[in-house]
Amino acid sequence: MLSDILSDLKPSFAAGAHTELRGQLNRSRSVVMVSGNLVQNARTDISGVSARVYRKGACGFSSMAEYSPEAARMVLSAADENAAFMETHAGADKPALPALAGGRCFVTEGINDPAQKIYVDFLKELDAYVEKNCPGLLSRQLIAMEDSMEKLLVTPDGTDAHTILPRSYCMMNFIAATPAGVPVERFGSVGGEGTFDLNFTSFDACRKKADELYEQLMLKKDGVYAEAGLKTVILGGIMTGMLSHEAVGHTVEADLVLGGSVAAHNLNKRVASDLVTLTDFANTAFGKRCPLPVFVDDEGTKAKDVTLIKDGMLIGYMNNRESALHFGMEPAGNARAWLFSDEPLIRMRNTSIHPGKDKLEEMISSIDDGYYLIDSGNGQADTTGEFMFGVTMGYEIKNGKLGRALLDTTISGVAFDMLKTVDMVGDEVIWSSSGFCGKKQPMPVGMGGPALRCKVMIGGR
Amino acid sequence: MDRLTAIASLILDEAKKQGADAAQCRVSESEKKEFNVDGGRFSLMRTLFDRSVSVTVLRDKRKGSVRINRFDDDAVKAAVGDCLAACESAQPDDAWEFCAEACDEHFTDGAPECDTEALFMRTKELLKDVSARHPKIMLEQVICDHNGVKCVYMNSYGVKYTTHGGSYNISLMYSAHEGEKGTSFYGTEVSLKTLDKPLIDCALIEREFTQIEAQLGAGPLEGKFTGTVLLAPMASLEIVVGTVLSNFVSDLSLIDATSIWKDKLNAQVADERFTLAITPHAPYVVSGSEYTGEGYPAKDFELIENGVLKSFQLSQYGANKTKGVRAGSDSWEISITPGEKTLDEMIKGIEKGVLVMRFSGGQPSAGGEFSGVAKNSFLIENGRLAGALSETMISGSVPEMLTHIRDIGSEVLCNGSMSVPYISFDGVTISGK
């Protein structure tokens with residue numbers, strides 16, 4: 001764990017400026033096995049210190065790959081010089097950032113460092129299970145991984161913090177061939193917040209997931225292409241989470257709003273049916289701890305939930321301290337950095353559409369001709385709200401019943417148009433948290449939601 | 001460089017002392033200067049002092065890897081110990097191998113030193129040029145940086161490479177706006193050896209600004225048809241080249257035999273006008289790969305020549321696993337041989353299709369089937385651009401597209417790491433609302 005060598009430097013922060021000083025350690029462990037071959041067996045530890053200085057809207061940042069008082073002094077000086085360079089060369093005339101209520105936040109429990117053998121042995125046993133119980137696969141790819149961010153933050157006015165956020169997963173990707181010999185895949189993961197040794201005390205969840213993925217892949221390899229066009233669909237919770245994050249969440253990040261996103265013209269306007277409420281949760285959602293809880297951000301702002309859409313109306317943006325001042329909103333802890341050498345950017349935390357009252361079975365039985373889309377490989381969205389998700393698992397719905405499995409396809413639409421077609425909302429939220437959000441820097445995020453009935457463009461073949 | 005060499009030597013000595021059969025390491029330090037522009041105004045200047053130590057060891061045919069960013073002796077020795085501990089748990093595999101031909105090479109690449117003042121002035125000039133010449137363009141984010149790197153690679157067989165390199169890197173993300181109308185965002189990245197000309201004149205940057213401005217007022221396509229897709233270089237890279245390199249010729253796809261080209265070496269897999277090479281030493285590559293991840297010197301090679309698959313892109317590990325041949329390089333510095341038609345001439349030859357500047361789609365399947373949104377695209381009808389499109393999807397099969405090439409253009413995107421022309425393909429499904 002990082003020791004606090006930074007607090008004593010607070011008196012040396014530049015006068016007339018806002019300064020953040022952050023020490024950070026990122027740890028990652030990764031073991032990859034492909035059809036029984038151990039192709040990756042790696043450990044990474046990256047640590048250092050960074051400083052950011054904000055003066056009249058000009059910002060300077062510096063980092064060094066060393067965690068020591070000398071390195072901290074050096075980055076404080078370099079960040080101040082960079083802020084001065086920007087002030088003289090690019091001009092700066094913005095007001096000072098409003099002061100935050102001070103405080104301290106410590107979330108440092110639960111950070112073990114399991115030996116690499118733990119990951120390798122776990123995968124070997126899981127691989128043996130898959131080889132025995134999942135016949136006919138062209139390939140089986142298994143990953144055991146953990147990453148964690150430990151941060152020690154000192155600010156002149158905000159919350160000084162020492163936090164650790166570990167997460168660990170077991171991921172599986174199975175490949176089989178269609179009757180025509182074309183490879184098709186099914187990917188899934190098990191895990192969440194916590195170190196690998198705590199999250200994987202038994203094989204039960206992984207074996208269950210392997211069985212589920214295999215069963216789905218066997219249906220998918222004999223699957224059909226979706227018919228292209230505008231269709232009524234049920235989006236499963238994973239797909240809704242992707243929609244919440246990619247298609248809506250990014251457009252209401254204040255830096256992208258300032259860059260001209262569609263949300264710039266839609267604040268306090270209807271953007272969804274009144275069944276839709278969307279929140280970026282900080283650390284607790286629907287009475288439970290979030291998949292990846294955030295308690296304080298990297299500007300020293302204590303983290304709070306941000307309601308983005310309420311009953312279909314767009315009512316908020318996610319901000320850092322500077323953009324909150326610009327929009328007259330309250331910062332809520334969305335400024336997050338990935339490595340010690342990264343500056344805080346406006347990022348989501350745990351973004352989810354709120355559950356409704358509908359049962360999934362009733363939603364499926366309400367559709368004569370459509371699709372139930374349950375999983376996504378990836379997704380991208382535009383600042384216009386136009387989005388695209390890969391659909392890696394889904395089924396036809398014919399006369400209110402699930403039909404044949406689908407081969408890979410894609411759905412697309414414009415978020416604020418598509419959300420207005422939502423007319424049923426499921427009563428159960430499903431979260432995912434194993435991936436990274438990409439925006440200059442990667443960032444672990446949680447995304448979730450209930451099943452939604454809506455209309456969306458599907459790619460077909 | 002002496003300090004980095006001393007650390008690398010310490011790692012190899014320590015690995016031997018702790019019982020490794022073989023070891024390799026890469027020790028580097030870098031300094032990055034970076035200017036950020038957000039929403040059209042300068043927002044941040046960064047200076048990053050970074051370090052990296054990567055260690056890989058083999059013992060009893062077992063492999064372990066560790067990466068840290070500390071240079072002190074205790075941390076380095078601990079990293080070697082962790083690496084060997086990782087080996088302990090791994091399974092033995094005869095295929096792991098490092099380059100064993102001793103050498104001592106030094107490379108100076110790109111632009112090792114940064115002219116910070118010039119980098120700022122070129123960035124500022126870009127903002128002015130965009131404002132004056134493309135007033136509808138809103139620069140959501142501009143990142144202009146210089147990254148200077150010193151690096152030492154050494155392995156226990158006497159292979160040593162030292163590199164002092166660097167590059168200026170320009171990354172733009174922008175869209176066009178007029179009132180409440182806005183286009184999809186577009187992004188481009190360019191690496192440069194020098195700052196001898198305005199940034200707007202580099203690569204295809206100004207042409208792309210003009211094309212994005214023409215996207216204002218885009219509307220959806222009605223219906224669905226099978227037609228010609230004319231891919232801009234970045235879209236070709238994403239859909240075609242990315243699929244070929246990841247799904248058809250990579251270690252992973254060949255080791256687990258999911259590559260549909262696994263039995264196609266020396267067979268025709270593409271139109272005979274199509275030649276795709278990996279070219280880390282091409283003159284337009286700013287800071288190319290000098291050696292592979294296993295320590296072999298990197299060499300240019302042709303992956304597909306006149307449509308014939310000439311090589312896979314196997315590492316020595318992949319080659320040992322599949323009884324294949326190690327490729328010249330494991331990098332993605334790409335060159336596709338250009339054709340003779342300009343973009344306008346290519347469009348004139350198309351009866352019905354779309355020009356796609358950017359593709360936003362799901363990962364193509366192992367077999368190369370893909371579908372996704374044709375971003376920043378234009379309808380082509382009767383040999384002319386017939387309006388900008390939104391919400392238009394394209395879907396097809398990369399191996400089929402490669403055998404249905406209509407034209408390869410003469411104009412290429414040369415962005416410091418690749419040289420790729422416009423390419424048009426027949427038989428792709430294009431669907432709108």
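Predicted model only: the values in this text are computed from it and were never measured. The written sequence of each chain sets the order in which its residues are numbered from 1. Working convention: letters from A go to chains and numbers from 1 go to ligands, in the order in which they are written. Residue-level local features of this predicted model are given only where pLDDT is at least 70; pairs of side-chain atoms are given and counted only at 80 or more, and the full residue set underlies all totals for whole chains, interfaces and linings.

## Things to note about the sheet that holds strand E12 (residues 306-310) of chain A
Residue and element names in this part refer to chain A. Strand order across the open sheet formed by 6 strands is E13-E12-E9-E16-E25-E22, with mixed pairing between neighbours. Of all strands in the sheet, those with a lone pairing partner are strand E13 (313-314) and strand E22 (430-432), marking the two edges. The sheet strands contacting helix H5 (residues 237-249) are strand E9 (278-281), E12, strand E16 (350-353), E22 and strand E25 (446-449), and the helix crosses E25 at an angle near 120°. The rule for pairing is simple: two strands pair if DSSP sees at least two bridges between them. What counts as a helix is a DSSP run of H or I of at least four residues, what counts as a strand is a run of E of at least two, and both are numbered from the N terminus. What counts as a contact is two residues whose backbone-derived C-beta atoms lie within 7 Å of each other. Axis lines are fitted to C-alpha atoms, over the contacting stretch for helices. Their N-to-C directions set the angle, which ranges from 0 to 180 degrees.

## Looking at the domain arrangement of chain B
All names here are of chain B. Note: domain ranges come from an automatic or database domain assignment. By domain assignment, chain B separates into domain 1 (2-213) and domain 2 (218-433). For domain 1 and domain 2, the distance between their C-alpha centroids amounts to 25 Å. The partner domain 2 presents 22 residues to the 30 residues of domain 1 that form the contact. Listing elements by their share of the side of domain 1 that touches domain 2, those giving two or more residues are strand E4 (103-110), strand E5 (137-155), strand E6 (159-178), strand E8 (186-192) and helix H4 (205-213).

## Focus on the pairing of strand E7 (residues 183-193) of chain A
Residue and element names in this part refer to chain A. Among the 11 residues that make up E7, 8 are buried, leaving the element largely enclosed by the rest of the structure. Relative to E7, strand E6 (residues 159-177) runs antiparallel, the two being bridged by 11 bridges. Looking across to E7, one finds that Ala177 is bridged to Pro183. Hairpin connection from E6 to E7: 5 residues lie between these consecutive antiparallel strands, with Gly181 at a positive phi of about 85°. The burial label depends on the number of other C-beta atoms within 10 Å of a residue's C-beta. Counts of 20 or more mean buried, 12 or fewer mean exposed, and intermediate counts mean partly exposed, with C-beta atoms placed from the backbone.

## Quick look at helix H1 (residues 2-17) of chain B
Residue and element names in this part refer to chain B. The length a helix should cover is 1.5 Å for every residue beyond the first. Between its first and last C-alpha atoms H1 spans 22 Å; for 16 residues at 1.5 Å apiece the expected length is 22 Å, and the two agree. Within the sequence span of H1, burial applies to Leu4, Ile7, Ala8, Ile11, Leu12, Glu14 and Ala15. Across the axial projection of H1, the buried residues extend over an arc of 165°, all falling on one side. Opposite the buried face of H1, by more than 90 degrees, sit the exposed residues Asp2, Arg3 and Lys17. Among the structural elements, strand E1 (22-38), strand E2 (41-59), helix H2 (73-89) and E5 are those in contact with the buried residues of H1. It is the directions from the helix axis to the C-beta atoms whose arc is reported.

## Focus on the packing of H1(B) against H2(B)
All names here are of chain B. Relative to each other, H1 and H2 sit at 40°, their axes nearing to 9 Å. Taken together, the axes of H1 and H2 are oblique relative to one another. Crossing handedness for the pair H1 and H2: right-handed. Of H2, the residues touching H1 (which contributes Ile7, Leu10, Ile11, Glu14 and Ala15) are Asp73, Val76, Lys77 and Val80. Residues of the contact of H1 with H2, tallied by class, amount to 6 nonpolar, no polar and 3 charged. When an angle is under 35 degrees it counts as roughly parallel; over 145 it counts as roughly antiparallel; between 65 and 115 it counts as roughly perpendicular; any other value is oblique. Each crossing gets its hand from how the near helix is turned against the far one by less than a right angle, where anticlockwise is left-handed and clockwise is right-handed. Any residue that is not Ala, Val, Leu, Ile, Met, Phe, Trp, Tyr, Cys, Pro, Asp, Glu, Lys or Arg is counted as polar, Gly included; the first ten are nonpolar and the last four charged.

## Describing the interface of chain A and chain B
Chain A puts 66 residues into the contact, and the matching count from chain B is 61 residues. At 10 residues, strand E2 (residues 37-55) of chain A tops the list of elements feeding residues into the side of chain A that touches chain B. Its residues assigned to classes, the side of chain A that touches chain B comprises 27 nonpolar, 28 polar and 11 charged. Both E2(A) and strand E3 (residues 62-68) of chain B contribute to a ladder of 4 bridges, which runs parallel. Across the sheet, residue Arg43(A) finds its bridge partner in E3(B), namely Val66(B).

## Notes on the domain arrangement of chain A
How big an interface is tends to be stated in terms of accessible area lost as the parts join. Residues and elements named next belong to chain A. What the domain assignment reports for chain A is domain 1 (7-221) and domain 2 (229-458). Computed over C-alpha atoms only, the centres of domain 1 and domain 2 are separated by 21 Å. Of all the elements in the fold, those that place two or more residues in the side of domain 1 that touches domain 2 are strand E1 (18-34), E2, strand E3 (58-64), strand E4 (103-107), strand E5 (139-154), E6, E7 and helix H4 (204-221). The dominant element in the side of domain 1 that touches domain 2, judged by the number of residues it contributes, is E6, at 8 residues. In terms of residue class, the side of domain 1 that touches domain 2 is built from 16 nonpolar, 16 polar and 9 charged.

## Quick word on the packing of helix H2 (residues 116-133) of chain A against H2(B)
For the pair H2(A) and H2(B), the least separation of the axes is 8 Å and the interaxial angle reads 20°. One finds that H2(A) runs roughly parallel with respect to H2(B). H2(A) and H2(B) meet at a crossing whose hand is right-handed. Contacts between H2(A) and H2(B) involve Gln116(A), Lys117(A), Val120(A) and Asp121(A) from the former and Ala85(B), Ala86(B), Glu88(B) and Ser89(B) from the latter. Tallied by class, residues from the contact of H2(A) with H2(B) come to 3 nonpolar, 2 polar and 3 charged.

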